[in-house]
Amino acid sequence: LLDPTMVLLRASVVVVVVAAAALRGTDAYSPPSGRREFLSTGASAAAAAGAAATAAAGLGLDPLPASAAPAPLVGSIDLPPLGLGAWAWGDSVFWGYDKKQDGDLREVFDAAVSSDLAFFDTAELYGLGRSETLLGEFRSALPPASAERVQIASKFAALPFRTKASDVVKACRESAKRLGGAPIDLYQVHFPNAWSNAEYWDGLASAYEEGLVKAVGVSNYGADATRAAHAALAERGIKLATNQIQLSLLYRHPIDNGLLDACRDLDVKVLSYSPLALGFLTGKYGADDPPKGPRKKIAEQLFADDGYSSLLATMREVAAGRGDDVPVSQVALNWARAKGTIPIPGARTLKQAKQNIGSLSWDLAEGEVRALDEASSRVTGFITPDKSPFPKKDINTGLVMFDS
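Note that the structure is a prediction, hence the values are computed from the model and not measured. (Residues numbered from 1 in each chain as written. Predicted model: local features only at pLDDT ≥ 70, side-chain atom pairs only at ≥ 80, totals over all residues. Heavy atoms only, no water.)

What to know about the overall build of the protein
Inclusion rule: Helix numbering and strand numbering both begin at the N terminus, where a helix is a DSSP run of H or I of at least 4 residues and a strand a DSSP run of E of at least 2. The rule is simple: take the accessible area with a 1.4 Å probe, protein chains only, and divide by the maximum for that residue type; under 20% is buried, over 50% is exposed, in between is partly exposed. Note on definitions: a residue-residue contact is assigned when non-hydrogen atoms from the two residues lie within 4.5 Å. Computed with the Shrake-Rupley method and a 1.4 Å probe, the accessible areas treat only the protein chains shown as cover for residues.
A tally of helices and strands in the protein yields 15 helices and eight strands. Burial analysis of the protein (404 residues in total) assigns 52% to the buried set. Considering only residue pairs separated by 6 or more positions, the protein has 81% of its internal contacts joining residues 24 or more positions apart. Accessible area of the protein: about 17,500 Å², with a carbon and sulfur share of 54%.

A few points about empty space enclosed by the protein
The criterion, for reference: A pocket, in this scheme, is an open set of points on a 1 Å grid over the protein atoms alone with protein on both sides within 12 Å along at least 5 of 7 lines, while a cavity is a set where a 1.4 Å probe fits but cannot get out; residues line either one if an atom lies within 4 Å of a point. Grid points are joined across faces, edges and corners, and a volume is the space filled by probe spheres set on the points. Residues are sorted three ways: Asp, Glu, Lys and Arg are charged, Ala, Val, Leu, Ile, Met, Phe, Trp, Tyr, Cys and Pro are nonpolar, and all the rest, Gly among them, are polar.
Under the defined criterion, the tally for this structure stands at two cavities of 30 Å³ or more. Taken as a whole, the largest cavity spans an internal volume of roughly 70 Å³. Every residue lining the largest cavity is listed: L82, G83, L84, A112, L117, A353, N356 and I357. Class assignment for the residues of the lining of the largest cavity results in six nonpolar, two polar and no charged.

Section: the environment of E137
Note that E137 resides in helix α4 (residues 130-140). Put simply, E137 and L179 are 42 residues apart on the chain and 7.4 Å apart in space, counted from C-alpha to C-alpha.

Digging into the layout of surface pockets
Taken as a whole, the largest pocket encloses approximately 630 Å³ of empty space. Lining the largest pocket we find 30 residues, and of these W95, L276, G279, G346 and A347 sit closest to its centre. Take the lining of the largest pocket: its biggest share by element is four residues, from helix α14 (residues 350-358). In the lining of the largest pocket, the residues fall into 14 nonpolar, 10 polar and six charged.

Digging into the packing of helix α3 (residues 102-114) against α14
Put simply, the rule reads: Helix axes are fitted only over the stretch in contact, all axes being lines through C-alpha atoms; the angle between N-to-C directions runs from 0 to 180 degrees. Oblique is the label for any angle not under 35 degrees, not over 145, and not in the 65 to 115 range, which are roughly parallel, roughly antiparallel and roughly perpendicular in turn. Should the near helix be turned anticlockwise from the far one by less than a right angle, the crossing is termed left-handed; should it be turned clockwise, right-handed.
For the pair α3 and α14, interaxial distance at closest approach is 8 Å and the crossing angle is 25°. The angle between α3 and α14 falls in the class roughly parallel. The chirality of how α3 crosses α14 is right-handed. On α14, the residues touching E107, V108, A111 and A112 of α3 are L350, A353 and I357. Here the residues of the contact of α3 with α14 sort into six nonpolar, no polar and one charged.

Considering the packing of aromatic side chains
As a reminder, the rule being used: By convention, a stacked pair of Phe, Tyr or Trp rings (six-membered ring in the case of Trp) has centres within 6.5 Å and planes under 30 degrees apart, an edge-to-face pair has planes over 60 apart, and any other such pair is tilted.
Scanning the model with the defined rule gives 15 aromatic pairs in all. Taking the centre distance of 5.0 Å and the plane angle of 25° together, the rings of W87 and F94 count as stacked. Residue W87 is classed as buried on the basis of its relative accessible area of 11%. When the ring of F109 is compared with that of F138, the centres are 5.6 Å apart and the planes differ by 55°; the resulting orientation is tilted. You can see F109 sitting in helix α3 and its partner F138 sitting in helix α4, a full 29 residues away along the chain. For F138, a relative accessible area of 7% puts it in the buried group. Taken together, W87, F94, W95 and Y126 form an aromatic cluster joined through their ring pairs.

A few points about the nonpolar core
Let me state the cut-off plainly: Nine residue types can take part in a nonpolar core, namely buried Ala, Val, Leu, Ile, Met, Phe, Trp, Tyr and Cys, and a core is a set of them joined through side-chain atoms within 4.5 Å.
W89, W201, L250, F280, M315 and F382 are the most contacted members of the largest nonpolar core, which has 120 residues in total. When near neighbours in sequence (up to four residues on either side) are disregarded, M315 contacts L249, L281, V328, V331, A332 and L372.

A short note on the sheet that holds strand β5 (residues 216-219)
How we decide: Following DSSP output, two strands are said to pair if at least two bridges run between them.
Overall, parallel pairing links the eight strands, which are arranged β1-β2-β3-β4-β5-β6-β7-β8 in an open sheet. Edge positions in the sheet fall to β1 (84-85) and β8 (342-343), since each has one partner strand and no second. By the bridge criterion, two bridges tie β1 to strand β2 (residues 119-121) in an arrangement that is parallel. Looking at β2, one finds that G85 is bridged to D121.

Encoded structure:
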């Protein structure tokens, strides 16, 4: 049985090995040796400057002249309240993708576009480029006016042998080609590495400056790493637009440990991936009908957890109060929206897409959010951050990269 701790790395044993063979050149890897000091101090520099300004005001000193104020950062992005995650579009390892499904995926794509929710999240690792290729093909088939409304986010795989800023730029160019050649709306570092993280941020900045992307972000970054990336990009005058993190009623750690608050303080939009918790918040599965493949082990743990069954009961109660035909999946998505995030659930069928889009027709009441919070806090059988395979620290700087 596959250990559920590997789920977060997208079936990493298979995917990363294959990705390494597909993406790596012939150069041998050698660990980086030097680091820049701002990694250990940059995250606190802005706070120190703010404290100094406050102290000056308290002493009656004149504030800095307007000419000394920093210029606004470039690279903001406006996004709809809901996106669509395209991990399953091309991924045969975890989701059992088959090219015969492409017609269904095209229907999902068209439904999102027609609903003005045409924001899709993909990555070079998803199907080793197949997900990007599908999105590029679907967008190119649209009339020009409709194609212009489509926003696509993709991600750079921070594989161990990639250690230079130029690796980010090169990968970005390849992703842009697969997506049809237009600048990528949002380009993100997919997950932390154990080294070279600052080089990746430089690569994001270079990709922006070269016009390859319209905005940049990170994914699976903890609070300290988000602050450091924000500070490093700001040195280049570029905004850290987003942090894509796992968040759901079964995985609320970013709320409990302050990561969500840190993003809010930095004005970094949060994209919440897996808001349906790999399908376990849809009400689709039961002890007698568990999912197949890698998710089966997680299912066994959840079905043995009384907290999980209590959470589903609370979700069903909320859904029933909104109408007989409201699925519990909409409750999960609206909880993620209530926390100030942009959920990006997956969808492989038109029915799933319509259910996701339908969540925007109503909002949770404050009392319902509290009831869901209380119920979700009692669930213990899902994935926990301590068992994640993502590197926790940059081994050269000691910077905490991943916390949830």
